[in-house]
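# Secondary and tertiary structure notes
Chain by chain, the residues:
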Amino acid sequence: MANLSQLMENEVFMAFASYTTIVLSKMMFMSTATAFYRLTRKVFANQEDCAGFGKGENAKKYLRTDDRVERVRRAHLNDLENIVPFLGIGLLYSLSGPDLSTAILHFRLFVGARIYHTIAYLTPLPQPNRALAFFIGYGVTLSMAYRLLKSKLYL
Amino acid sequence: MANLSQLMENEVFMAFASYTTIVLSKMMFMSTATAFYRLTRKVFANQEDCAGFGKGENAKKYLRTDDRVERVRRAHLNDLENIVPFLGIGLLYSLSGPDLSTAILHFRLFVGARIYHTIAYLTPLPQPNRALAFFIGYGVTLSMAYRLLKSKLYL
Amino acid sequence: MANLSQLMENEVFMAFASYTTIVLSKMMFMSTATAFYRLTRKVFANQEDCAGFGKGENAKKYLRTDDRVERVRRAHLNDLENIVPFLGIGLLYSLSGPDLSTAILHFRLFVGARIYHTIAYLTPLPQPNRALAFFIGYGVTLSMAYRLLKSKLYL
């Protein structure tokens, strides 16, 4: 197991692990936010979910969509669409031996931008708050992809 | 390549690899389930998909939504939303040198909960079957995230 | 850091890193395609996004769905559903010491199939172009999962 402890003694990799865990936990919070709005607003997608609120036709009225719930779901999907590339590209970038302070700058910017994106989406803040947060996260991931391909391209 | 074979001789990592492969294969099965329901129920989202069932206006009637297809798609999206954090956090957790039996308990609970979640969603079973399966998987991922941040936080 | 540089000197792993970075960058391109169609067609999902196009009720008319935008979003979601398993299974497969030429064949087929899938979805090309591209990518991932479980199963 020597090499494993070595991996976790690598500072870039440890930083990647910490920031990734934080941003994935934040993404998981979106599930509970959806559940919270579904329960407090009585808005459900499945018939079995509203069985506790009435029988038969009476329960069916809760099978509807709600702007607030849809907003959280869009924020969650946007997280998925952006955190998955960060996860893959960031992992490979961390293993490619980048400069520690450059790497940490990338991770901090990404995590900060995604947290701000969620705040801007759920409040909602006026544009271009959300667009800006999106593009910072997007640019960070592209910057890591560029450095990775430049130094380690093997096709 | 010495260190690579070492990585795959690490028991926690091998267990993570096996359980991850199983749960991702299960998630991929959702794609074929969607395709199956789309084809047997003739419910399509794209005009080119129903071209084989008729010409022009005749084919357009198959561009519709169906409760069964939407249910599979929601189950698939829920898988994505939960398996992506497991993938990222679980990988880093596996590399952080956890106790083998604790790690395997986490992996087994997660994979079992996600398989049960799919069964509960597609049958559908009455609540709280699906909610319980969801929260077990969710709790397992949070538990790994907590252990990872507690032992290896580096910001 | 000896083991890290060793990891990146492993040819299979370097190839995986390169192809993954390419396919994830392609997936990220879908976000900008969605934004492009939303802006040129003035089709928005959030009220704050169309505030620049008018005040109050006048802006609300841009809160609508559009077939072109929905098509890009479906292509994006399909990417997510297929690239996430490739990311997880492919990483573990790459670490399991496969034959270099076999591994590169897998990666090339997958990346080619996903790029063709996007072209077939967005053009759109008549079926079975898109279905074929989907099944090639699907088959590649299942083939890697099979080899991984066959050689390294540990439950």
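Attention in this report is confined to the structure presented alongside it.

Quick notes on the rules
- Going along each chain's sequence as written, the residues are numbered from 1 onward.
- Think of it this way: whatever chain is written first is A, whatever ligand is written first is 1, and the rest follow in order.
- Given that the model is predicted, a residue must reach a pLDDT of at least 70 before its local features are reported, and side-chain atom pairs must reach 80 or more before they are shown or counted; all residues, however, enter totals for whole chains, interfaces and linings.
- Heavy atoms from the whole structure form the basis of all side-chain values; hydrogens and water molecules are not counted.
- Strands are runs of DSSP state E lasting at least two residues, helices are runs of H or I lasting at least four, and both sets are numbered from the N terminus onward.
- For this analysis, residues touch if any pair of their heavy atoms sits within 4.5 Å.
- When two parts are brought into contact, each loses some accessible area as probed by a 1.4 Å sphere; the total of that loss over both is the buried area.
- Any Lys or Arg side-chain nitrogen found within 4 Å of a carboxyl oxygen on Asp or Glu counts as a salt bridge.
- For patches, a residue must show more than 30% relative accessible area and have no salt bridge; joins then use 9 Å for like charges and 5 Å for nonpolar side chains, namely Val, Leu, Ile, Met, Phe, Trp and Tyr.
- Accessible areas in this description were obtained via Shrake-Rupley with a 1.4 Å probe; residue shielding takes into account the shown protein chains only.

### Regarding unusual backbone geometry
Between glutamine 127 of chain B and proline 128 of chain B the backbone carries a cis peptide bond, its omega angle lying at 10°. Within the secondary structure layout, proline 128 of chain B lies in the loop between helix H5 (100-122) and helix H6 (129-152). The omega torsion across threonine 123 of chain C and proline 124 of chain C is -15°, close enough to zero to call that bond cis. Positionally, proline 124 of chain C belongs in the loop between helix H5 (100-122) and helix H6 (129-152). Even without being glycine, lysine 42 of chain B reaches a positive phi, approximately 50°. Here lysine 42 of chain B is to be found in the loop between helix H2 (11-41) and helix H3 (57-60).

### A short note on the interface of chain A and chain B
On the chain B side, the residues contacting the 39 residues of chain A number 35 residues. Here chain A packs against chain B, burying approximately 3,200 Å² in sum over the two surfaces, 69% of which is carbon and sulfur. At the boundary of chain A with chain B, the tally comes to two salt bridges. Two residues, glutamate 48 of chain A and arginine 130 of chain B, come together in a salt bridge whose shortest N-O distance is 3.4 Å. Those elements that place two or more of their residues in the side of chain A that touches chain B are helix H1 (2-9), helix H2 (11-41), helix H4 (67-95) and helix H5 (100-122) of chain A. No other element matches H2 of chain A, which puts 18 residues into the side of chain A that touches chain B.

### A few points about a nonpolar patch on the surface
Residue and element names in this part refer to chain A. Residues Leu105, Leu109, Leu132 and Ile136 make up a contiguous nonpolar surface patch of roughly 370 Å² in combined accessible area. Of all the elements in the fold, those that place two or more residues in the nonpolar patch are H5 and helix H6 (129-152). Within the secondary structure, leucine 109 sits in helix H5.

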